[in-house]
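# Analysis of the macromolecular model
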Amino acid sequence: MSRGDRLSIVVSGMLAGVPRQGGATWAVLQYVLGLRRLGHDVLFVEPVDHDGAALERTPAAAYFRDVVARFGLAGRAALLDASGGATLGLRRGELDRLIGGADVLLNLSGMLDAPIMDRVPVRAFVDLDPGFTQLWHEAQGIDLGFDRHNRFVTVGQSVGAAGGRVPSAGRPWISTLPPVVLEHWPVADRPASPRLTTIGHWRAYGSIEHQGVHYGQKAHSLRRLIDLPRRLGVRVMLALGIHPDETEDIAALHRHGWQLSDPDVAAGTPRRYEDFVRCSWAELGIAKSGYVAADCGWFSDRSVCYLATGRPVIAQETGFSEHLPTGDGLLAFRTGDEAVAAVEALRRDYPRHRRAARAIAEEVFESDRVLSRLLACL
């Protein structure tokens with residue numbers, strides 16, 4: 001596929017179906033806005049369930065309208081009732097016409113599952129949960145809709161590699177990086193005081209046991225690193241989606257010095273998410289333990305936003321350091337001691353690490369570069 005072609009591209013992913021998750025929204029927007037920057041004709045469509053309520057009166061609809069208005073997506077974005085067929089943003093007939101006439105479908109996590117997609121010649125399943133995706137299919141027999149696709153893309157840099165821990169699920173995987181549209185993520189001023197932050201969910205979905213290995217959640221990673229705040233010597237704030245019934249874990253986090261922020265207040269909209277990132281000193285990126293166990297080379301789209309704003313990232317190792325530049329601006333750790341050493345490195349020369357963080361975003365994750373390469377590989 002020539003990089004110079006102007007393509008009609010459908011992007012499907014989770015933007016509004018679970019509303020008020022600014023980070024998840026931005027993960028999708030990077031593709032939509034980045035492909036538009038390259039001059040392609042981009043349509044966004046998201047299948048949603050709405051529990052019997054009229055689609056236009058759901059929380060998903062209200063959130064969708066706000067995002068569409070802010071980012072100029074009117075007429076090029078739609079919600080689709082996954083069961084009844086109602087739409088919001090475009091009439092159903094027009095939506096079907098646009099999908100059926102597209103050149104490429106980038107189906108993030110396989111969100112779209114509709115017969116009309118079969119008319120698109122290049123249908124790419126984009127795996128955002130490397131290790132889990134392949135094991136759901138291969139070890140648990142879950143139908144992810146692979147058979148509706150003819151290209152398979154993953155953000156896991158080591159998925160399918162010879163000798164790797166992650167099974168290929170019988171598909172040839174094209175590796176890609178999470179893109180960032182730099183014009184929306186300018187370098188931020190230096191923060192007033194050191195504060196490490198991150199955003200995430202304590203649990204996102206079920207863990208997997210496979211061949212004696214436990215592929216777990218962020219909860220399992222954090223429990224192993226529970227004493228970090230007292231050792232780091234800087235404040236650590238988590239905008240953490242955790243159920244209030246997890247009382248023992250919440251108490252343990254507070255007891256060991258983790259500051260917990262309401263994720264809706266911190267990142268309930270794209271703008272709040274942006275502000276939370278920019279007000280940080282650096283990110284302390286904690287990965288799902290499944291990514292760590294798989295050594296799959298996953299790197300967070302959230303961390304890329306930190307880098308773009310000139311915020312250094314201290315990220316738990318998932319094998320990404322074999323594929324990305326580390327040492328300045330981006331520092332990997334496997335142990336608490338390595339995380340402490342990384343914070344000390346930032347303290348010694350924070351300006352250098354700020355510059356290096358932005359440089360990595362520009363040279364590695366910039367959306368024109370990442371998305372042009374991806375399209376050329378499809």
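You'll find the structure just up there.
Now for a description of the structure that goes with this document. Small disclaimer: the values here were computed from a predicted structure and weren't measured. (Residues numbered from 1 in each chain as written. Predicted model: local features only at pLDDT ≥ 70, side-chain atom pairs only at ≥ 80, totals over all residues. Heavy atoms only, no water.)

### Considering the sheet that holds strand E16 (residues 330-333)
Our working definition: Two strands make a pair as long as DSSP finds a minimum of two bridges between them. The way it works is that DSSP assigns letters per residue, a run of H or I at least four long becomes a helix, a run of E at least two long becomes a strand, and they are numbered from the N terminus. To obtain an axis, a line is fitted to C-alpha atoms, over the contacting stretch when the element is a helix, and the angle between two such axes runs from 0 to 180 degrees between their N-to-C directions. We call two residues contacting when some pair of their heavy atoms lies within 4.5 Å.
Taking strand neighbours across the sheet as the criterion, the six strands line up as E13-E12-E9-E14-E15-E16 in an open arrangement whose pairing is parallel. Both outer strands of the open sheet, strand E13 (259-261) and E16, are each paired with one neighbouring strand and no more. Going across the sheet, the axis of each strand differs from the next one's by a mean of 25°, ignoring polarity. Bridging between strand E9 (residues 195-201) and strand E12 (residues 235-241) involves seven bridges; their strand directions are parallel. Pairing of His201 across the sheet is with Gly241, part of E12. Packing of helix H12 (residues 336-348) onto the sheet brings it into contact with E9, strand E14 (282-285), strand E15 (313-316) and E16, and relative to E16 it is tilted by some 160°.

### With respect to the pairing of strand E6 (residues 122-127)
Where we set the bar: Burial classification: accessible surface area is computed with a 1.4 Å probe over protein chains only, and a residue below 20% of its type maximum counts as buried, one above 50% as exposed, and the rest as partly exposed. Handedness rule for crossovers: strands pointing away from the viewer, path from the first strand over the helix to the second running clockwise, crossover right-handed.
Of all six residues making up E6, six are buried, and the element is well covered by its neighbours. The alternating pattern of E6 places Val122, Ala124 and Val126 on one face and Arg123, Phe125 and Asp127 on the opposite face, and all of these are buried. On the question of chirality, the crossover connecting E6 to the parallel strand E7 (residues 151-154) by way of helix H4 (residues 132-138) is right-handed.

### Description of the nonpolar core
Rules: We call a set of buried residues a nonpolar core when its members are Ala, Val, Leu, Ile, Met, Phe, Trp, Tyr or Cys and they connect through side-chain atoms within 4.5 Å of each other.
Val11, Leu106, Phe299, Phe365 and Leu378 are the most contacted members of the largest nonpolar core, which has 88 residues in total. Take this core: its biggest share by element is seven residues, from helix H1 (residues 22-37). Those residues in contact with Leu106, other than ones at most four positions away along the chain, are Ile9, Val10, Val11, Ser12, Tyr31, Leu35, Ala124, Val126, Leu374 and Leu378. Counting residues in hydrophobic clusters, the runner-up holds 31 residues, among them Leu196, Leu238, Leu240 and Leu253.

### Some thoughts on the packing of aromatic side chains
Note the following rule: Stacked, edge-to-face and tilted labels apply to pairs of Phe, Tyr and Trp rings (six-membered ring for Trp) whose centres lie within 6.5 Å, assigned for plane angles under 30 degrees, over 60, and everything in between, in that order.
Following the criterion strictly, the structure yields 15 aromatic pairs and no others. Summarising the aromatic geometry, the rings of Trp26 and Phe71 are spaced 5.3 Å apart at their centres and angled 80° between planes, so their arrangement reads as edge-to-face. Remark: Phe71 occurs in the loop between helix H2 (59-70) and strand E3 (77-81) and Trp26 occurs in helix H1; sequence separation between them is 45 residues. The exposure class of Trp26 is buried, given its relative accessible area of 1%. Since its relative accessible area comes to 9%, Phe71 is described here as buried.

### Examining the packing of helix H11 (residues 301-308) against helix H13 (residues 350-365)
Note the cut-off: With respect to orientation, any angle under 35 degrees is reported as roughly parallel, any angle over 145 as roughly antiparallel, any angle of 65 to 115 as roughly perpendicular, and every other angle as oblique. Ten residues, namely Ala, Val, Leu, Ile, Met, Phe, Trp, Tyr, Cys and Pro, are considered nonpolar, four, namely Asp, Glu, Lys and Arg, are considered charged, and the remaining ones, Gly among them, are considered polar.
In contact at an axis separation of 7 Å, H11 and H13 are set at 120° when each is read in the N-to-C sense. Taken together, the axes of H11 and H13 are oblique relative to one another. From H11, Val304, Leu307 and Ala308 reach across to H13, where they touch Ala357, Arg358, Ile360, Ala361 and Phe365. Broken down by class, the residue content of the contact of H11 with H13 amounts to seven nonpolar, no polar and one charged.

Function-wise, these values are silent; they only describe arrangement.
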